[in-house]
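Listed here are the chains, written in short residue letters.
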Amino acid sequence: MKQTDTPALTIIFGATGDLAKRKLFPSLYNLFKKGEISNHFACVGVARRQWTEQQFRNHVRESVIAAIHSNEQMEEFLSHFYYQSLDVTNTEAYIELLQLANQLNTKYHLNGNRMFYLAMAPEFFGTIAEHLKRDGLTDTNGFSRLVIEKPFGHDLQSAKALNEKIRTAFRESEIFRIDHYLGKEMVQNIEAIRFANALFEPLWNSRYISNVQITTSETLGVEERGRYYEKNGALRDMVQNHVLQMVALLAMEPPIKLTTDEIRSEKVKVLRAMRRIEGQNIQHFFVRGQYGAGKINQEQQISYREEHNVDPESDTETFVAGKILIDNFRWAGVPFYIRTGKRLAKKSTKIVIQFKDIPMNLYYQTDQPLTPNLLVIHIQPDEGITLYLNAKRVGPYLDRTPVKLSFSNNRFNGINTPEAYEKLLYDALRGDATNFTHWDEVALSWNFIDAISHHWAETTEKFPNYEAGSMGPKQADQLLEQDGFFWWPIDYLDVDECK
Ligand SMILES: NC(=O)C1=CN([C@@H]2O[C@H](COP(=O)(O)OP(=O)(O)OC[C@H]3O[C@@H](n4cnc5c(N)ncnc54)[C@H](OP(=O)(O)O)[C@@H]3O)[C@@H](O)[C@H]2O)C=CC1
Ligand SMILES: O=C1O[C@H](COP(=O)(O)O)[C@@H](O)[C@H](O)[C@H]1O
């Protein structure tokens with residue numbers, strides 16, 4: 001059986017919350033079943049409510065069953081779970097946690113290794129980190145790692161303040177900032193597609209690529225997260241982190257080695273090269289939207305302003321489209337279009353690389369342009385790659401027709417590709433920080449985003465400006481039309497539609 005052979009105690013702060021229930025416990029269970037966390041593992045759940053150990057174990061069991069409908073090895077798995085009721089703002093409480101950590105260290109032979117997972121509201125991140133150090137939890141003869149959830153700050157200034165606080169207790173190499181998109185199979189595949197194929201890398205530049213399109217659309221609204229979303233909006237919630245990380249992976253230079261530091265250093269260069277758009281100019285580059293009522297899959301949806309915990313006159317954006325320019329030798333003049341939004345027509349994340357037209361059309365109907373070559377990376381829910389080419393249509397005429405070469409990861413790896421959180425937890429336990437964001441990346445991303453959010457805070461938009469079930473406001477289409485492009489429709493691109 002495969003084992004990380006990394007004994008460790010995982011302490012989850014916010015263990016009774018939504019993220020722990022939906023993502024963390026099912027991921028730990030999968031790792032346990034696959035033998036990827038060893039028997040030398042223990043997990044302590046921390047939250048305020050006064051649960052017994054048994055109540056907590058029942059909660060973990062229910063969470064796992066609800067998420068992955070499996071009960072196998074469950075009792076053995078649950079026997080590694082403990083609970084500590086604690087208010088993280090209470091200075092006294094950490095002493096008991098330290099005692100429990102020490103006991104479990106002895107019982108499970110954990111070599112003093114500790115991973116602190118902060119699955120709580122961000123206002124607590126700094127306080128917890130400070131207490132962990134002050135009360136001796138980080139003072140261990142094994143490793144001490146902090147896994148920290150988003151949002152990492154609200155803007156550059158608050159992110160810096162948070163970073164300074166956590167850096168009093170943890171070195172940069174001990175901090176694992178989660179961006180769950182970096183745990184997705186096909187996001188990780190971007191590097192392999194680019195750097196393991198002789199076919200693409202020579203073409204991966206402004207001479208051959210006309211534009212890049214990244215769409216990450218959701219059918220969900222804000223669900224129970226209205227309070228959080230009101231303060232953040234789509235720009236901070238999705239673009240600052242997930243979308244810019246995908247841009248960086250697509251645009252970076254080949255690293256000299258596939259190591260954490262080399263990859264991060266190339267991503268940082270892309271984020272530095274992104275043109276910072278300011279003031280009135282922003283309206284030519286970025287579009288915001290907010291959903292009104294509408295239908296998705298025949299079901300009527302309410303408008304954003306009617307959602308729970310949302311201001312009925314809210315100006316928070318639930319949709320962003322933008323054009324990003326990367327001012328370096330490779331990408332000068334190539335627009336990277338991005339869009340993300342809630343209550344759109346379909347749940348889908350796709351990247352389209354559109355190649356430039358060939359210099360001359362020799363085929364029948366030369367007055368009509370050939371379909372451009374496209375490379376589509378399907379991130380979710382379908383996983384795969386499609387290459388759109390032109391081929392000769394069967395028959396006597398020199399006519400051509402578009403054809404697709406498709407690879408579906410679902411068919412290749414089976415449908416159960418590991419959940420992003422499972423991979424990221426595994427990486428953090430092994431100490432591999434490649435798929436976590438370095439502080440420099442976070443700071444540069446905020447610097448880019450702040451210019452837009454500041455401008456938007458000073459100006460208004462007529463909201464709502466798109467219907468639930470559509471693909472966003474019409475201004476998002478105009479953003480491409482002004483450059484002579486259009487968004488490739490996501491239905492047309494679906495991998496499973498391939499003939
Ligand atoms: N849920 C999701 O899908 C995602 C969440 N995230 C991030 O993960 C983090 C957690 O989110 P989520 O799980 O949704 O939040 P929840 O509100 O569901 O959970 C918050 C948790 O914190 C505990 N808590 C609150 N105050 C205290 C306190 N003073 N002392 C100790 N425990 C406390 C709560 O338990 P109790 O009330 O018992 O104290 C609960 O376990 C956030 O940073 C969020 O942005 C990121 C991506 C997705
Ligand atoms: O980080 C977040 O991501 C989810 C979308 O994640 P996905 O894996 O389902 O694409 C988004 O709904 C949420 O608002 C945001 O905080």
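Above: the structure in question.
Residues numbered from 1 in each chain as written. Chains lettered and ligands numbered in written order. Predicted model: local features only at pLDDT ≥ 70, side-chain atom pairs only at ≥ 80, totals over all residues. Heavy atoms only, no water.

**Let's talk about the sheet that holds strand β8 (residues 286-289)**
Strand order in the open sheet made by the eight strands is β8-β12-β13-β7-β14-β15-β16-β17, with mixed pairing throughout. Edge positions in the open sheet fall to β8 and β17 (400-408), since each of these has one partner strand only. Along the sheet, successive strands turn relative to each other by an average axial angle of 15°, direction set aside. Relative to β17, strand β16 (residues 384-392) is paired through nine bridges, and the arrangement is antiparallel. Of the residues in β17, the one forming a bridge with Gly-384 is Ser-408. Strand contacts of helix α7 (residues 185-195): β14 (348-355), β15 (374-380) and β16, with the helix running at about 150° to β15, the strand carrying the most contacts. (Pairing = 2+ DSSP bridges. Helix = DSSP H or I, 4+ residues; strand = E, 2+ residues; numbered from the N terminus. Axes fitted to C-alpha atoms, helices over the stretch in contact; angles between N-to-C directions. Contact = heavy atoms within 4.5 Å.)

**Looking at the pairing of strand β2 (residues 41-47)**
Burial analysis of β2 places seven of its seven residues in the buried class, which makes it a mostly covered element. By the alternation rule, side chains of β2 split into Phe-41, Cys-43, Gly-45 and Ala-47 and Ala-42, Val-44 and Val-46, which are all buried. Relative to β2, strand β1 (residues 8-13) runs parallel, the two sharing six bridges. In the sheet register, Thr-10 faces β2, and the bridge partner there is Cys-43. Between the parallel elements β1 and β2, the chain passes through helix α1 (residues 18-33) in a crossover that is right-handed. For β2 and strand β3 (residues 81-85), the ladder comprises five bridges, and the chain directions are parallel. Residue Val-46 lies in a different strand from β3, and its bridge partner there is Gln-84. (Buried < 20%, exposed > 50% of the residue type's maximum accessible area, 1.4 Å probe, protein only. Right-handed = clockwise from strand over helix to strand, strands pointing away.)

**Focus on helix α2 (residues 53-68)**
For α2, built from 16 residues, the straight-helix expectation of 22 Å at 1.5 Å per residue is met to within 8% by its first-to-last C-alpha distance of 22 Å. If you check which residues of α2 are buried, you get Phe-56, Arg-57, His-59, Val-60, Ser-63 and Val-64. Viewed along the axis of α2, the buried residues span an arc of 155°, placing them on a single side of the element. When the buried face of α2 is taken as reference, the exposed residues oriented beyond 90 degrees from it are Glu-62 and Ala-66. The elements touched by buried residues of α2 are α1, β2, α3 (74-78) and β3. (Expected span 1.5 Å × (residues − 1). Arc of directions from axis to C-beta.)

**What about helix α4 (residues 93-108)?**
A rise of 1.5 Å per residue sets the reference length of α4, with its 16 residues, at 22 Å; its end C-alpha atoms lie 23 Å apart and thus fit the reference within 8%. For α4, the complete set of buried residues consists of Ala-93, Tyr-94, Leu-97, Leu-98, Leu-100, Ala-101, Leu-104 and Tyr-108. Around the axis of α4, the buried residues are gathered within 165° of arc, so they sit on the same side. With respect to the buried face of α4, the exposed residues turned more than 90 degrees away are Gln-103, Thr-106 and Lys-107. Following α4 by one or two positions, His-109 has its phi on the positive side, about 55°.

**Concerning the site of ligand 1**
Taken together, 22 residues lie around ligand 1, and Thr-16, Asp-18, Arg-22, Arg-48 and Arg-49 are the ones closest in. Side-chain polar atom of Asp-18 to a nitrogen atom of ligand 1: 2.7 Å apart, as the coordinates give it. Contact distances for ligand 1 include 2.9 Å between an oxygen atom and a backbone N or O atom of Lys-150. Taking 900 Å² as the accessible area of ligand 1 by itself, protein coverage stands at 81%. (Near = heavy atom within 4 Å. Polar contact = N/O pair within 3.5 Å; in protein donor to acceptor, adjacent residues only side chain to side chain. Areas by Shrake-Rupley, 256 points an atom, 1.4 Å probe, with all protein chains shown as cover.)

**Notes on the site of ligand 2**
Around ligand 2, the surrounding shell consists of Lys-150, His-180, Tyr-181, Lys-184, Glu-218, Arg-225, Asp-237, Met-238, His-242, Lys-342, Lys-347 and Gln-380. Within the side chain of His-180, a nitrogen or oxygen atom sits 2.8 Å from an oxygen atom of ligand 2. Contact between ligand 2 and Asp-237: an oxygen atom at 2.6 Å from a side-chain N or O atom of the residue. Protein coverage of the free-state accessible area of ligand 2, which is 390 Å², stands at 82%. Element by element, the count of residues in the shell around ligand 2 is highest for helix α8 (residues 226-251), at three residues. Partitioned by chemical class, the residues of the shell around ligand 2 number two nonpolar, three polar and seven charged. (Nonpolar A, V, L, I, M, F, W, Y, C, P; charged D, E, K, R; others polar.)

**Brief notes about the environment of Ser-70**
Of note, Ser-70 is situated in the loop between α2 and α3. Considering only alpha carbons, one finds Ser-70 and Asn-30, 40 residues apart in sequence, at a separation of 9.7 Å. Beyond its immediate sequence surroundings of up to four residues, Ser-70 is in contact with Tyr-29, Lys-33, Val-64 and Ile-65. At 2.8 Å, the side chain of Ser-70 and the side chain of Tyr-29 are in polar contact. Of note is the side chain of Ser-70, whose polar atom sits 3.5 Å from the backbone nitrogen of Glu-72.

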